[in-house]
Amino acid sequence: RGAQQIPPTLRRGEQRPRGLGGRNAQAIEARREERNTRLRDAFGIRSEGRREGEAFDRELQAAKKMEKQMERERAEREARKAERRRVREERRERRVKKKEERRKER
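These numbers were taken from a predicted model, which means no experiment stands behind them.

### Brief notes about the overall build of the chain
Part 1 of the argument: Scanning the chain from N- to C-terminus turns up three helices and zero strands.
Part 2 of the argument: Listed by position from the N terminus, the elements making up the chain come as α-α-α.
Part 3 of the argument: Summed over all atoms, the accessible surface of the chain reaches about 11200 Å², with 48% contributed by carbon and sulfur.

If you want it as structure tokens, here you go:
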């Protein structure tokens, strides 16, 4: 009679189940989601436009890399084009200025 009452599952050498059973599962999941949200905010990780596991999709990553490269090249072309326009405009202004100086000399 002095023996401790041991749950039947532990008498056979089994361990207690450690799953997320019962009513606590929702509370645990809510806390986990709240913690993850705080971490994402703290590290500046945006979740819009992202899917779970997309980092492991090689084809998707290759497409994203190609898209970024094309965008960089487009931006470089635009910058070169703007620079050429600026240089042309400066040359034109110098020519106009020289013409005006010549007219004043006459």
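### A look at the pattern of salt bridges
Part 1 of the argument: One pass over the full model with this rule turns up eight salt bridges.
Part 2 of the argument: Here Arg32 and Glu29 are joined by a salt bridge, their closest N and O atoms 3.1 Å apart. One end of the pair is Arg32 and the other is Glu29, both in helix H2 (residues 24-43) and three residues apart, which spans about a single turn.
Part 3 of the argument: Looking at Arg32, the relative accessible area reads 34%, which means it is partly exposed.
Part 4 of the argument: A salt bridge links Glu33 to Arg40; its shortest N-O distance comes to 3.4 Å.

### Comments concerning the side chain of Glu54
Part 1 of the argument: Assignment of secondary structure puts Glu54 in the loop between H2 and helix H3 (58-105).
Part 2 of the argument: Dropping the residues within four chain positions of it, Glu54 is found in contact with Gly49, Leu60, Gln61 and Lys64.

### Some details on H3
Part 1 of the argument: Between the first and last C-alpha of H3 there are 70 Å, a value that for 48 residues agrees with the 70 Å anticipated at 1.5 Å per step.
Part 2 of the argument: Where H3 begins, the side chain of Asp57 points an oxygen toward the backbone nitrogen of Glu59, at a separation of 3.3 Å.

### Thoughts on H2
Part 1 of the argument: Taking 1.5 Å of rise per residue, 20 residues should cover 28 Å, and H2 covers 28 Å from first to last C-alpha, within 8% of that figure.
Part 2 of the argument: Gly44 sits one or two residues past H2 and shows a positive phi near 70°.

### Remarks on a nonpolar patch on the surface
Part 1 of the argument: Side chains of Leu39, Phe43 and Ile45 sit close together on the surface and give an oily, nonpolar patch of about 330 Å² of accessible area.
Part 2 of the argument: When you line up the elements, Leu39 lands in helix H2.

### Some points on the confidence of the model for the chain
Part 1 of the argument: For the chain, per-residue confidence averages 83 on the pLDDT scale, and residues scoring 70 or more make up 78% of the total.
Part 2 of the argument: Ranking the elements of the chain by mean pLDDT puts helix H1 (residues 8-11) last, at 52, and H3 first, at 95.

So, how was this worked out
Residues numbered from 1 in each chain as written. Predicted model: local features only at pLDDT ≥ 70, side-chain atom pairs only at ≥ 80, totals over all residues. Heavy atoms only, no water. Helix = DSSP H or I, 4+ residues; strand = E, 2+ residues; numbered from the N terminus. Areas by Shrake-Rupley, 256 points an atom, 1.4 Å probe, with all protein chains shown as cover. Salt bridge = Lys/Arg side-chain N within 4 Å of Asp/Glu carboxyl O. Buried < 20%, exposed > 50% of the residue type's maximum accessible area, 1.4 Å probe, protein only. Contact = heavy atoms within 4.5 Å. Expected span 1.5 Å × (residues − 1). Polar contact = N/O pair within 3.5 Å; in protein donor to acceptor, adjacent residues only side chain to side chain. Patch = residues over 30% accessible without salt bridge, like charges linked within 9 Å, V, L, I, M, F, W, Y side chains within 5 Å. pLDDT = per-residue confidence, 0-100.

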